[in-house]
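# Fold and contact review
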Amino acid sequence: MSISEFTENIARDQVVPISVFVAILCLCLVIGHLLEENRWLNESTTAIVVGCITGTIILFLSKGKSSHIVRFNEELFFIYLLPPIIFNAGFQVKKKQFFQNFLTIMLFGVIGVFISSSIITAGSWWLFARFGFTGLSAQDYLAIGTIFSSTDTVCTLQVLHQDETPLLYSLVFGEGVVNDATSVVLFNAVQKLDKGKLNGRAALRVLLDFLYLFSTSTALGVIAGLLTAYILKTLYIGRHSTVREITLMVLMAYLSYMLAELLHLSGILTVFFCGILMSHYAWHNVTQGSRITTRHIFATMSFTAETFIFLYVGMDALDIEKWRLSKLSFRTSMGIYSTVVLLILLGRAAFVFPLTAFSNYVHRRADRLASVSFKHQVIIWWAGLMRGAVSIALVFKQFTYSGVSLDPVDAAMVTTTTIVVLFTTLTMKRNKLLGFVLSTTLQNIVFGFLTKPLICFLQPNNTNNSASHGESRSPKEELNLPLLSLEESAETNILRAKESLSMLIERPVYTIHHYWRKFDDTYMRPVFGGPCRAQSSAC
C-alpha cells in the first residue's frame, strides 16, 4: 500500500464517523424543536436520550464491541467545547442583576463549593470502604469532592424565564457559572498536591492556590476584555469591515482562555470575565449589525458545544469496555451510586439554606426588599442537584488517559460519574447486565424530568411582578459625579467620604454597586466605550 493510499484510508476513517456524528447533532436539533413545548423534556435530556439510542444501535451493529462514533478526549472538552459555553454565559449575563446579587451568587458559587466538596469528600472516604470499594488515594477523594460539586443548571434555566423571575434566574444562572469556575479552580489546586504530604499545611496550600488562581485568572480576563474594548474603540475597525471586528472579539476571547491555560491558571474564570467585560464595553464599540451578529454567533457556538457534550454522555453510558473493566458487583455498584447521590443532596442542602438565610439577613439590614423566599430556595437547591458536562470532563481528566481507563478503580469512577449525571439529568440506559438496565431505567425519571413540574408547582403564576419576587428598587440618584471632586471644597469631600463609609457599613452590597456605577460612568466608559448610565438604565 502506498503512502497516499494509507493517508486516504485514515482520512476516510475520520471523515465517516464525524459526518455521522454531525448528522446526529442535526437530528437532536430537529427533535428538540418538536419537543419544545413538552412538559418533561428539554434540550439536554433530548440530546442524552438520542445519545443513548444511538449508542444502543452502534453497540448492536458492532456486536457489543463499542457504543461510540467518536472517542471523547478531555482535552477536546477543555480546549474546544468549554470556552464557547463559558464565554457566552459571561457575554449574555444580565450584569445589573448579576452584580446586584453578587454577594449571594458568590456565597453559593464559592463558599458553597467548598462546603459541598468537603461533605462529598468526607462522606465518600467513609462510605465507599463500607461497600468494599477501595483503591482510591486521598487525592482521588479530594478530586471526587470537586467533581461532584460542579452543577449543571441548564435544565432549570430552560424552564425559568429571565424577565418573569429576574431574581431567581440571576441567582441560578450566576451560581451555575461561578460554581463551574470554582470547581475547576479547586480541582486544579488539588492536582498540585503532593500525595505523600496530605496534612493541615496541604489544606492551607490548596486554599492559597485557589485564591491565587481565582484572582489572577479573573485579572487576566478583565485585562483581555478591556484591551479588546480599547482596540475596537480606538481603531473603529467596523468602518472598513464588520467581519474583522467580530473576528477580533472571537479570537481575543479564545486567546484569553488559551493564555490562562498556558500560564496554568483557570481558563474558565478568565474567559467568563472576558465575556462580561466585552459585553459591557467592547460590544458598544462595534456596529449595530455586529452587535446582533455577535450575540447570535456566541449563543450558537455555546448551544452546539452543549449538545455535543450531552450527546456523547448518552453514548458513553453504553461503553461496554468500562463496564467490563470496573468489575463491581451489582450490590457494590448500587451502593456507590446511591452514596454519591445522597452526598450530593446533603452537600447541596448544607449550604443553600444557611447561606440564603445569611444573605437575606444582610439584605434586610440594608433595607432592601431583595430576599429569597423558601420556594425559591427549594428551586435553587433542586437546580444545583444536576451534574453535567464539567463533571464528565473532570472525571475523564482524573481517571482516564486520552479517554481510556486502564485501571478497574478508575473505570468504576468514570462509570459512576456517568450514571450520576444521567440519573440527575434525565433518563438513561446502560448495558452490562439485563437487571442493571431494568433497575437504572426505573431510577432515571428523577431530577431532570421533574424539574419542569416542580417549577410549575412552585411558580404557578408567571406574571412579571418583580415586587412579588423580592426585586429591589433603588432610587434614582445622580451617578455622574466622581467619588471625590477636585472642584469642591475639602470639607465637602470629607463629608461625602464619611457618608460613603456609613453607607458601606450599613449597606455593603448596594453601596459597592452604587459607587462602582459612578466610577464606571466617570472613568471607564469614556475610555473603553459604552453609553453613559443616563442613556441606558439596562447596562
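Everything below is about the structure shown above.
Structural notes, computed from the coordinates. (Residues numbered from 1 in each chain as written. Predicted model: local features only at pLDDT ≥ 70, side-chain atom pairs only at ≥ 80, totals over all residues. Heavy atoms only, no water.)

## As for the environment of Ile-268
Within the fold, Ile-268 resides in helix H11 (residues 267-280). You can call Ile-268 buried: its relative accessible area is 2%. Residues Ile-268 and Val-178, 90 residues apart in the sequence, show an inter-C-alpha distance of 9.2 Å. Look past the residues within four positions of Ile-268 in its chain and what remains in contact with it is Leu-82, Ile-86, Asp-180, Ala-181, Val-184 and Tyr-257. (Helix = DSSP H or I, 4+ residues; strand = E, 2+ residues; numbered from the N terminus. Buried < 20%, exposed > 50% of the residue type's maximum accessible area, 1.4 Å probe, protein only. Contact = heavy atoms within 4.5 Å.)

## Quick notes on the packing of helix H8 (residues 166-191) against helix H16 (residues 389-399)
In the contact formed by H8 and H16, the axes pass within 11 Å of each other and the chain directions differ by 10 degrees. With respect to their mutual orientation, H8 and H16 come out roughly parallel. Each of Asp-180, Val-184, Phe-187, Asn-188 and Gln-191 in H8 lies in contact with H16, whose residues at this interface are Val-390, Leu-394, Lys-397 and Gln-398. Considered class by class, the residues forming the contact of H8 with H16 number four nonpolar, three polar and two charged. (Axes fitted to C-alpha atoms, helices over the stretch in contact; angles between N-to-C directions. Parallel < 35°, antiparallel > 145°, perpendicular 65-115°, else oblique. Nonpolar A, V, L, I, M, F, W, Y, C, P; charged D, E, K, R; others polar.)

## A look at the packing of aromatic side chains
One pass over the structure, following the stated rule, counts 16 aromatic pairs. Here Phe-114 and Phe-210 contribute two aromatic rings whose centre-to-centre distance is 4.9 Å and whose plane-to-plane angle is 90 degrees, an arrangement assigned as edge-to-face. Note that Phe-114 is positioned in helix H5 (residues 102-127) and Phe-210 in helix H9 (residues 200-235), a separation of 96 residues in sequence. Phe-114 sits in the partly exposed class, given a relative accessible area of 24%. Each ring, one from Phe-210 and one from Phe-214, has its centre 5.6 Å from the other, and the planes form 40 degrees; the classification is tilted. Of the two residues, Phe-210 and Phe-214 both sit in helix H9, four residues apart, roughly one turn of that helix. According to the relative accessible area criterion, Phe-210 is buried, its value standing at 3%. Of the aromatic side chains, those joined through ring pairs into one cluster are Trp-125, Phe-128, Phe-133 and Tyr-141. The side chain of Arg-295 reaches across the aromatic face of Trp-283, ending 4.5 Å from its centre. (Phe/Tyr/Trp six-rings, centres within 6.5 Å; stacked < 30°, edge-to-face > 60°. Lys NZ or Arg CZ within 6 Å of the ring centre and 35° of its normal.)

## Examining the environment of Ile-320
The residue Ile-320 is located in helix H13 (residues 320-326) in this model. Relative accessible area serves as the criterion here: at 8%, Ile-320 is assigned to the buried category. Residues Ile-320 and Leu-59, 261 residues apart in the sequence, show an inter-C-alpha distance of 8.4 Å.

## Some details on H16
Burial runs high along H16: ten of the eleven residues are buried. Taken residue by residue, H16 has Ala-389, Val-390, Ser-391, Ile-392, Ala-393, Leu-394, Val-395, Phe-396, Gln-398 and Phe-399 as its buried positions.

## Brief notes about the side chain of Ser-256
Looking at the element boundaries, Ser-256 is found in helix H10 (residues 242-262). Beyond its immediate chain neighbours, meaning those up to four positions away, Ser-256 contacts Leu-220, Ala-224, Thr-270, Val-271 and Cys-274.

## Considering the nonpolar core
Counting 126 residues, the largest nonpolar core has Phe-77, Phe-128, Phe-133, Leu-136, Ile-144, Phe-148 and Met-278 as its most contacted members. Element by element, the count of residues in this core is highest for H8, at 15 residues. Residues in contact with Phe-133, not counting those within four places in the same chain, are Phe-128, Tyr-141, Leu-328, Thr-332, Ile-336, Val-409, Ala-412 and Met-413. (Core = buried A, V, L, I, M, F, W, Y, C linked by side-chain atoms within 4.5 Å.)

## As for the pattern of salt bridges
Taken as a whole, this structure holds four salt bridges when the rule is applied. With a shortest N-O distance of 3.1 Å, Asp-520 and Arg-525 are connected by a salt bridge. The exposure classification of Asp-520 matches that of Arg-525, with both residues buried. Residues Asp-521 and Arg-525 are paired through a salt bridge, measuring 3.4 Å at the closest nitrogen-oxygen approach. With Asp-521 and Arg-525 both in helix H21 (residues 508-528) and four residues apart, the pair spans about one turn of that helix. For Asp-521, a relative accessible area of 9% puts it in the buried group. Each of the salt bridges in this network shares a partner with another, and the network as a whole consists of Asp-520, Asp-521 and Arg-525. (Salt bridge = Lys/Arg side-chain N within 4 Å of Asp/Glu carboxyl O.)

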